[in-house]
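Now for the letters of each chain:
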Amino acid sequence: QGQLVESGGGLVQPGGSLRLSCAASGTIFGIDAMGWYRQAPGNQRELVARITSAGTTTNADSVKGRFTISRDNAKNTLYLQMNSLKPEDTAVYYCNAFLRSSDYPLGRNYWGQGTQVTVSS
């Protein structure tokens, strides 16, 4: 067992905020690095932010100062706080994690189903 489920997407005006969540479910043994990616129509999927199991974060230049990635290891949950949203942030946001579960005890890379974020006036 093991899967990632995103939530929190929606429609927001420019300058607004959203908080995305990604919950890992199943028989979880551990989670290493986690990250948020996004993909706009016609574009390649790109890294937004990444966080290690120790809490070290990396952010794309385009979101620095606006987005904050965090995780709650006790809840096996990843978050992305998005502030000062811009129209160019519009995309499907995907959760990614190297997840250790009963399916793959040694771990494998998992993707969530994606959640739509639309920034428009």
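Here, the structure is the one placed above.
Residues numbered from 1 in each chain as written. Predicted model: local features only at pLDDT ≥ 70, side-chain atom pairs only at ≥ 80, totals over all residues. Heavy atoms only, no water.

Draft legend 1. Structural context of the nonpolar core. Of all hydrophobic cores here, the largest spans 30 residues; its most connected members are Trp36, Leu80, Met82 and Tyr93. Of all the secondary structure elements, the ones that give two or more residues to this core are strand S3 (18-25), strand S4 (28-39), strand S5 (46-51), strand S7 (67-72), strand S8 (77-82), strand S9 (91-101) and strand S11 (115-119). Among the elements that make up this core, the one with the highest residue count is S9 (5 residues). Not counting residues up to four positions away in its chain, the partners in contact with Tyr93 are Glu6, Leu20, Trp36, Tyr37, Arg38, Val48, Phe67, Leu80, Met82, Gly114, Thr115 and Val117. (Core = buried A, V, L, I, M, F, W, Y, C linked by side-chain atoms within 4.5 Å. Buried < 20%, exposed > 50% of the residue type's maximum accessible area, 1.4 Å probe, protein only. Helix = DSSP H or I, 4+ residues; strand = E, 2+ residues; numbered from the N terminus. Contact = heavy atoms within 4.5 Å.)

Draft legend 2. Structural detail: the pattern of salt bridges. Per the counting criterion, the structure on display carries 5 salt bridges. Close ionic contact of Glu46 with Arg38 constitutes a salt bridge, the shortest N to O distance being 2.8 Å. Via salt bridges that share partners, Arg38, Glu46, Arg66 and Asp89 belong to a single interconnected network. (Salt bridge = Lys/Arg side-chain N within 4 Å of Asp/Glu carboxyl O.)

Draft legend 3. Quick look at the environment of Gln113. Along the polypeptide, Gln113 turns up in the loop between strand S10 (108-111) and S11. Counting along the chain gives 75 residues from Gln113 to Arg38, while the straight-line C-alpha distance between them is 12 Å. Excluding anything up to four places from it in sequence, Gln113 contacts Leu4, Val5, Glu6 and Tyr94.

Draft legend 4. How the structure looks around the side chain of Asp89. Relative to the elements of secondary structure, Asp89 occurs in the loop between S8 and S9. For Asp89, a relative accessible area of 0% corresponds to the buried category. When neighbours within four sequence positions are excluded, Asp89 is seen to be in contact with Arg38, Arg66, Phe67, Ser84, Val117 and Val119.

Draft legend 5. Region of the structure containing the sheet that holds S3. In spatial order, the strands read S1-S3-S8-S7; together these 4 strands make up an open sheet with antiparallel pairing. At either margin of the open sheet sits one strand with a lone partner, and together these are strand S1 (3-7) and S7. For this sheet, the mean angle separating the axes of adjacent strands, direction not counted, is 15°. (Pairing = 2+ DSSP bridges. Axes fitted to C-alpha atoms, helices over the stretch in contact; angles between N-to-C directions.)

Draft legend 6. Main features of the pairing of S4. The pairing of S4 with S9 spans 9 bridges and is classified as antiparallel. Within S9, the position partnered with Trp36 by the bridge is Cys95. Where S4 lies against S5, 5 bridges are found, and the strand directions are antiparallel. Across the sheet, the residue bridging to Met34 is Ile51, located in S5. If you look at the hairpin formed by S4 and S5, you'll find 6 residues sitting between the two strands, and Gly42 has a positive phi there, around 80°.

Draft legend 7. Local environment of the side chain of Ser101. Position of Ser101 among the secondary structure elements: in strand S9. For Ser101, a relative accessible area of 0% puts it in the buried group. Among the polar contacts listed, one links the side chain of Ser101 to the side chain of Tyr110, at a separation of 3.2 Å. (Polar contact = N/O pair within 3.5 Å; in protein donor to acceptor, adjacent residues only side chain to side chain.)

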